[in-house]
Amino acid sequence: MKLKQLTRHVWAGYVYWPLPVMVWIVEDHDGLTLVDAGLSSMWRSMREALHTTFHDRPLNRILLTHGHHDHVGMLYELTEDLPVPVMAHEIEIPFLTGERSYTKLREGSKNSDIQPLAKNKLEPLDMGNSYGGLIPYHTPGHSLGHVAYYHPEDHILLAGDLFTAFFGKLRRPINKFTANMEESLNSGAIVEKLQPKLTACAHCGVIKEASTQYRKLVKNEALGLR
């Protein structure tokens, strides 16, 4: 896993799989917040980064954008090593515990269910709260309980799979893994509301001034242009 500092408080950790898979480490006055848990192969280097780059500052929480397998991979070992709360939207939690199935959300979806997580390791997000400087926003469509996190001080949106990026261009999420593309595109209007300077996507990179590209993305989708 490679590390890159995106803003004053936000770092990206990423690997290629073969697409880039990105998670985020957010620094706050009282410790760290990890947003998403990527792939299981990332845990060894993440643990080393917590020790070296972040000088053993406490990891206070893990926030999930959603529960697809490439966003939860480190959780199984990480939560064995560190007693840290894992938080997700309350709609997403049944998919994380195995009570609901991603494979049944949409005919033809390529999502696969994950190894269930214990209920006592999961907490529902308080959508009216902030966490380590991050404000959660419910952005359903890619999954039912998908959440994006905005850091207002740094003007960066941690968008999970709300979008993908392609050479600096805003693109829709990957179709075969998205439960409801129309709803996901509608949720993408959050960039017009928040006007982030940077929008970090879990796959393929970081977009500058995504709000200026969003309407073009929606128009192209309506015309069937990709």
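Preceding this section is the structure that the text describes.
Quick look at the structure, then. Numbers given for residues are sequential positions, taken from 1 along each chain in its written order. At least 70 in pLDDT is required for a residue's local features to be given in this predicted model, at least 80 for side-chain atom pairs to be given and counted, and no such filter applies to totals for whole chains, interfaces and linings, which use all residues. By convention in this description, side-chain values take in all heavy atoms of the structure and omit both hydrogens and water.

Comments concerning the sheet that holds strand β2 (residues 10-16)
No. 1: Taken in spatial order, the seven strands make up an open sheet running β1-β2-β3-β4-β5-β6-β7, and their pairing is mixed. Each edge of the open sheet carries a strand with a single partner, namely β1 (2-5) and β7 (122-124). Within the sheet, the average angular offset between the axes of one strand and its neighbour, ignoring direction, is 25°.
No. 2: Should DSSP find at least two bridges between two strands, the strands are taken to pair. Helix and strand labels come from DSSP, where a helix needs a run of H or I of at least four residues and a strand needs a run of E of at least two; each type is numbered from the N terminus. Bridging between strand β5 (residues 59-63) and strand β6 (residues 86-88) involves two bridges; their strand directions are parallel. Bridging across to β6, leucine 63 finds its partner in methionine 87. Axis lines are fitted to C-alpha atoms, over the contacting stretch for helices. Their N-to-C directions set the angle, which ranges from 0 to 180 degrees.

Let's talk about helix α1 (residues 43-51)
No. 1: Under the scheme applied here, a residue whose accessible area is under 20% of the maximum for its type counts as buried, over 50% as exposed, and between as partly exposed, the area being computed with a 1.4 Å probe on protein chains only. When α1 is considered as a whole, its buried residues turn out to be Trp43, Met46, Ala49 and Leu50. Looking straight down α1, one finds that the buried residues subtend no more than 120° of arc, so they occupy a single side.
No. 2: We call two residues contacting when some pair of their heavy atoms lies within 4.5 Å. Elements in contact with the buried residues of α1: β1, β3 (20-28), β4 (31-35) and α2 (75-81). In this description, one arc is meant: the one made by directions from the helix axis to the C-beta atoms.

Remarks on the nonpolar core
No. 1: By size, the foremost hydrophobic cluster in this structure holds 29 residues, and its most contacted members are Leu34, Met46, Ile62, Leu64, Met74, Leu75 and Leu96.
No. 2: Elements represented by at least two residues in this core include exactly β2, β3, β4, α1, β5, α2, β6 and α3 (93-97).
No. 3: In plain words, nonpolar cores are sets of buried Ala, Val, Leu, Ile, Met, Phe, Trp, Tyr and Cys residues tied together by side-chain atoms within 4.5 Å. Counting 20 residues, the second largest nonpolar core, distinct from the first, contains Ala12, Val26, Ile156 and Ala202.

Remarks on the packing of aromatic side chains
No. 1: To pair, rings of Phe, Tyr and Trp, with the six-membered ring standing in for Trp, must have centres within 6.5 Å; the planes then decide the type, stacked if under 30 degrees apart, edge-to-face if over 60, and tilted in the middle. One pass over the structure, following the stated rule, counts five aromatic pairs.
No. 2: Summarising the aromatic geometry, the rings of tyrosine 14 and tyrosine 16 are spaced 6.1 Å apart at their centres and angled 85° between planes, so their arrangement reads as edge-to-face.
No. 3: Residue tyrosine 16 is classed as exposed on the basis of its relative accessible area, which comes to 57%.
No. 4: Ring centres 4.7 Å apart and planes at 85° place the aromatic pair phenylalanine 166 and phenylalanine 167 in the edge-to-face group.

Things to note about the pattern of salt bridges
No. 1: Put simply, a salt bridge is a Lys or Arg side-chain nitrogen that is within 4 Å of an Asp or Glu carboxyl oxygen. In this structure the tally under the stated criterion is six salt bridges.
No. 2: Residues glutamate 153 and arginine 8 are paired through a salt bridge, measuring 3.5 Å at the closest nitrogen-oxygen approach. Within this pair, whereas glutamate 153 is found in the loop between β9 (147-151) and β10 (156-160), its partner arginine 8 is found in the loop between β1 and β2, the two being separated by 145 residues in sequence.
No. 3: Among the ionic pairs, aspartate 81 bridges to arginine 47, the shortest N-O distance being 3.0 Å. Here the residue aspartate 81 occupies a position in helix α2, and arginine 47 occupies one in helix α1, the gap between them amounting to 34 residues.
No. 4: Judged by relative accessible area, which is 43%, aspartate 81 ranks as partly exposed.
No. 5: Residue classification places arginine 47 among the partly exposed positions, given a relative accessible area of 41%.

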